[in-house]
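Now for the letters of each chain:
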Amino acid sequence: MRVLLLNDGGTPVGGAELQALRTRDLLREAGHEVRLLTSSASELGVPSQADAVCFGTTHPKLRVVNQTANPSAALALRRELARFRPDVVHLRMYLTQLSPLVLPLLRGVPTVWQAVYYKAICPRGTKVLPDGSRCTFPAGRACLRNRCVTPQSWALDMTQQRLRQHWAGSLDAVITLSGTMRRRLEENGIPVADVIPNGVRHRPARPPLTGPPLVAFAGRLVPEKGVQVLVDAFAQVAAAVPDARLLIAGDGPGRAALDEQVARLGLTGRVEVAGHLDRATLERRFDDAWVQAVPGLWEEPLGNVTLEAMMRGTAVVATDLGGPGEVVRDGSTGLLVRPGSVESLAAALGALLADRPRCEELGRRGRETAQTSYAEDVTVARLEQLYRSLLPPDADDVRSSA
């Protein structure tokens, strides 16, 4: 089967980009011909690893225009469709770079859109208001009234919304990463055919826990990830568990404020803000973690780090929101805490850091769940089944070769 993947970015940085690259590799390993088309945009200057690239930009003002209408993306897609002649198009992120201009070109080509965040129903992509509360308004004047966007960008954001809606008929199926995301899209008039989460890569179980109690966090340093709540909670835990440590892997606009918070709370030496770690380094260092914290303040579409922790065999403490709240089974594979509650998070972390056998047991069960329900081979099999269901009835030759 020939599969054309489309994604806003193709750099090996960022969860959505890494998942797009990994999906391409997995489908190729399964015997399919696969090409990935992305924009050239890169937050860290790392070049795209896609097979075809169109114009992209991270310039704030140009990006708003580009994500509304990117002629370069349309031209690049037209070339790919003519040269590669895909049996199926798998569209992932397209509303921050590729723009809705790619949609009309997909008419007549079996196309599945895998929504991986909320940009289609929220200009900010989070369905979170500036005060941190969940947004229940449809995209429109409420975005301007609640100051989610600037007056300058609002008109372009709304134009993008109208173009997406106008060409929505080009999509044959919509899938999401979690049940929460499915509900949010359907509340906003987008029917969803299925929930297919990202798959997590197989890896050996971490070694038995032998070192001092360690909490690990991985993610961008932005408010919605809740790392500031985690540091406040850890300050309470540190007073009760003197040898406890916190390792924070990630970078972002909140780095300076986080460093200041650590110093203000007297946690220097107990909390390490390690910055961005490559995958091999992160896995090696996180092998020592008793607990991985996922303290998000928004309805994360899935939360890849949650699944990665479970596959590692690490107990998870996560906010009972969105994807992590669905993936973690409270009391069985980890603990769920109240969103934004320092006290709830501190209590859960303190209980586990004082009970190494329980951490081991939660981690073992989490690993079993990850292997049976969220492994990459499970996801690939479900995607292949979906692709085949979109093919025309006379495509027996393609079906049999997949």
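Use the structure listed above.
In this report, we go over the structure that sits alongside the text. (Residues numbered from 1 in each chain as written. Predicted model: local features only at pLDDT ≥ 70, side-chain atom pairs only at ≥ 80, totals over all residues. Heavy atoms only, no water.)

## Here we look at helix α12 (residues 342-353)
In step 1: In this model α12 runs 16 Å from its N-terminal to its C-terminal C-alpha over twelve residues, within 8% of the 16 Å that 1.5 Å per residue would give.
In step 2: Residues of α12 that are buried in the fold lie against β8 (214-218), α7 (227-240), β11 (291-294), β12 (315-319), β13 (334-337) and α13 (356-373). (Helix = DSSP H or I, 4+ residues; strand = E, 2+ residues; numbered from the N terminus. Expected span 1.5 Å × (residues − 1). Contact = heavy atoms within 4.5 Å.)

## Observations regarding the pattern of salt bridges
In step 1: One pass over the full model with this rule turns up 25 salt bridges.
In step 2: Of the charged contacts in the structure, one is a salt bridge between R24 and D51, with a shortest N-O distance of 3.3 Å. With R24 in helix α1 (residues 15-29) and D51 in the loop between β2 (33-39) and β3 (52-54), the pair connects residues that are 27 residues apart, well separated along the chain.
In step 3: Take R24: its relative accessible area is 7%, and that puts it in the buried class. (Salt bridge = Lys/Arg side-chain N within 4 Å of Asp/Glu carboxyl O. Buried < 20%, exposed > 50% of the residue type's maximum accessible area, 1.4 Å probe, protein only.)

## Considering the packing of helix α2 (residues 60-68) against helix α5 (residues 151-166)
In step 1: Relative orientation of the contacting elements α2 and α5 amounts to 20 degrees, with a least axis distance of 9 Å. In terms of axis orientation, α2 runs roughly parallel to α5. For the element pair α2 and α5, the recorded crossing hand is left-handed. Contacts between α2 and α5 involve V64, V65, Q67 and T68 on the former and, on the latter, S153, L156, D157, T159, Q160 and L163. (Axes fitted to C-alpha atoms, helices over the stretch in contact; angles between N-to-C directions. Parallel < 35°, antiparallel > 145°, perpendicular 65-115°, else oblique. Left-handed = near helix turned anticlockwise from the far one by under 90°.)

## Overview of the sheet that holds strand β1 (residues 2-6)
In step 1: Spatial ordering of the open sheet is given by β3-β2-β1-β4-β5-β6-β7, a layout of seven strands whose pairing is parallel. Of all the strands in the sheet, the pair left with one neighbour each is β3 and β7 (194-195).
In step 2: Here three bridges tie β2 to β3, and the two strands are oriented parallel to one another. In the strand pairing of β3, T38 is matched with V53.
In step 3: Against the sheet, α1 makes contact with β1 and β2, and its axis sits at roughly 165 degrees relative to β2, the strand it touches most. (Pairing = 2+ DSSP bridges.)

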